[in-house]
Amino acid sequence: MIITDVHMHTNNSGDSQAPMSDMVSSAINKGLKHICFTDHYDMDFPYTVSGEEGMFELDLEKYRKDYESNLSLYGDKIDLNFGIELGIMPTTYDKLRDYLKDKQFDFIIGSSHTCTCRDVYYPAIYEGRTDVQVFNMYFSEIYDNICNFTDFDIYAHLDYVVRYAPNGDANYKFSNHAEIFEAILKRIIELGKGIEINTGGLRARVSRINPSEDILRLYHSLGGEILTIGADAHRPEDVAYEFQYAGDLLKDIGFKYLTYFKKRKPEFIKL
Ligand SMILES: [Zn+2]
Ligand SMILES: [Zn+2]
């Protein structure tokens with residue numbers, strides 16, 4: 001059984017209503033031993049829809065206080081860790097480095113929720129472009145990001161763009177992008193960083209894990225070892241969502257360990 005889930009949100013994220021204590025209770029009830037909160041901070045996020053402004057800002061002080069009070073309530077029942085999911089864009093590399101200078105996290109997830117400063121959750125970016133062109137733009141931007149900004153521990157949901165494509169994954173083929181994935185994964189391995197298996201996509205329209213199995217297989221074949229697991233839960237019931245399936249898949253690929261981070265240092269547990 002998988003006892004760790006290191007990608008989850010609470011009501012400190014603008015897109016979650018869940019009190020932190022409800023996420024903790026769900027994790028305890030599901031038998032988890034180790035979790036990490038990774039609330040969103042997408043600096044300078046390009047809001048597409050009015051009413052969403054500020055949604056991916058983070059009140060870090062409130063978030064930390066919330067963490068500390070949960071730690072004192074539940075710290076003897078489950079290992080609670082304090083992380084962040086940072087949205088990375090080419091316009092924010094320097095500002096993010098500055099932001100992180102005096103902050104202490106157990107775990108930093110790097111994410112691309114945007115491409116060319118547009119929110120890929122909305123279809124506007126596909127206007128005048130094929131799906132494959134947008135996917136290429138998105139993957140190339142991830143590569144640029146990891147060449148210019150390295151203050152993260154793992155890069156999340158590498159093919160997130162496909163999750164919200166207007167045609168779902170109908171026009172997504174691993175072989176169209178194999179070269180850029182290889183470049184991304186080699187760079188991540190060189191940096192001593194990792195990737196995640198994110199089961200959030202199983203609840204989305206495309207209904208599959210992110211990244212796709214092909215990418216996980218490539219990562220393993222290139223010698224990638226740092227791999228975290230997260231359900232990307234925004235609601236208590238989604239903690240550890242479909243982890244049995246994810247664990248079986250990882251074992252089938254040949255992974256032997258999962259990783260979690262404490263004070264930014266990787267720890268390994270047997271799969
Ligand atoms: Zn994300
Ligand atoms: Zn997330």
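Quick note: structure is the one above.
I will try to describe carefully the structure that is included in this document.

Rules of the game
Residues numbered from 1 in each chain as written. Chains lettered and ligands numbered in written order. Predicted model: local features only at pLDDT ≥ 70, side-chain atom pairs only at ≥ 80, totals over all residues. Heavy atoms only, no water. Donors = N, O, S within 2.8 Å, 3.2 Å for Na, K, Ca; no water. Buried < 20%, exposed > 50% of the residue type's maximum accessible area, 1.4 Å probe, protein only. 1 Å grid on protein atoms, 1.4 Å probe; cavity = no way out; pocket = protein on both sides within 12 Å on 5 of 7 lines; lining within 4 Å. Points joined across faces, edges and corners; volume = space filled by probe spheres on them. Helix = DSSP H or I, 4+ residues; strand = E, 2+ residues; numbered from the N terminus. Nonpolar A, V, L, I, M, F, W, Y, C, P; charged D, E, K, R; others polar. Core = buried A, V, L, I, M, F, W, Y, C linked by side-chain atoms within 4.5 Å. Contact = heavy atoms within 4.5 Å. Salt bridge = Lys/Arg side-chain N within 4 Å of Asp/Glu carboxyl O.

Turning our eyes to something else, we now look at the coordination of the zinc ion (ligand 1). Only Glu-85 (OE), His-113 (NE2) and His-157 (NE2) from the protein coordinate the zinc ion (ligand 1), and they sit 2.0 to 2.2 Å from it. On the accessibility criterion, His-113 (6% relative accessible area) is buried. According to the relative accessible area criterion, His-157 is buried, its value standing at 0%.

This brings us to the layout of surface pockets. Put simply, the largest pocket is a space of about 530 Å³. Looking at the largest pocket, it is lined by 22 residues, and the ones nearest its centre are Asp-15, Tyr-121, Tyr-160, Tyr-164 and His-234. Contributions of two or more residues to the lining of the largest pocket are made by β2 (34-42) and α5 (160-163). Split by residue class, the lining of the largest pocket holds eight nonpolar, five polar and nine charged.

Time to look at the nonpolar core. Ile-35, Phe-37, Phe-139, Val-161, Ile-184 and Leu-216 are the most contacted members of the largest nonpolar core, which has 84 residues in total. In terms of residue count, the dominant contributor to this core is helix α4 (residues 131-148) (six residues). With near-sequence residues (within four places) excluded, Ile-35 lies in contact with Asp-5, Met-8, Val-24, Ala-27, Ile-78, Asp-79, Leu-80 and Asn-81.

Another aspect to go through is the pattern of salt bridges. As enumerated under the stated definition, the model contains 16 salt bridges in all. Measuring nitrogen to oxygen at the nearest pair gives 2.8 Å for the salt bridge that ties Asp-153 to Arg-264. Remark: Arg-264 occurs in the loop between β10 (257-262) and β11 (265-270) and Asp-153 occurs in the loop between α4 and β7 (154-155); sequence separation between them is 111 residues. On the accessibility criterion, Arg-264 (26% relative accessible area) is partly exposed. Across the salt bridge formed by Arg-203 and Asp-238, the nearest N and O atoms sit 3.4 Å from each other. With Arg-203 in the loop between β8 (194-198) and α7 (213-221) and Asp-238 in the loop between β9 (227-230) and α8 (243-253), this residue pair connects regions lying 35 residues apart in the sequence. Where salt bridges share partners, they join Arg-203, Arg-235, Glu-237 and Asp-238 into one cluster.

Purely geometric stuff here, so don't read any function into it on its own.
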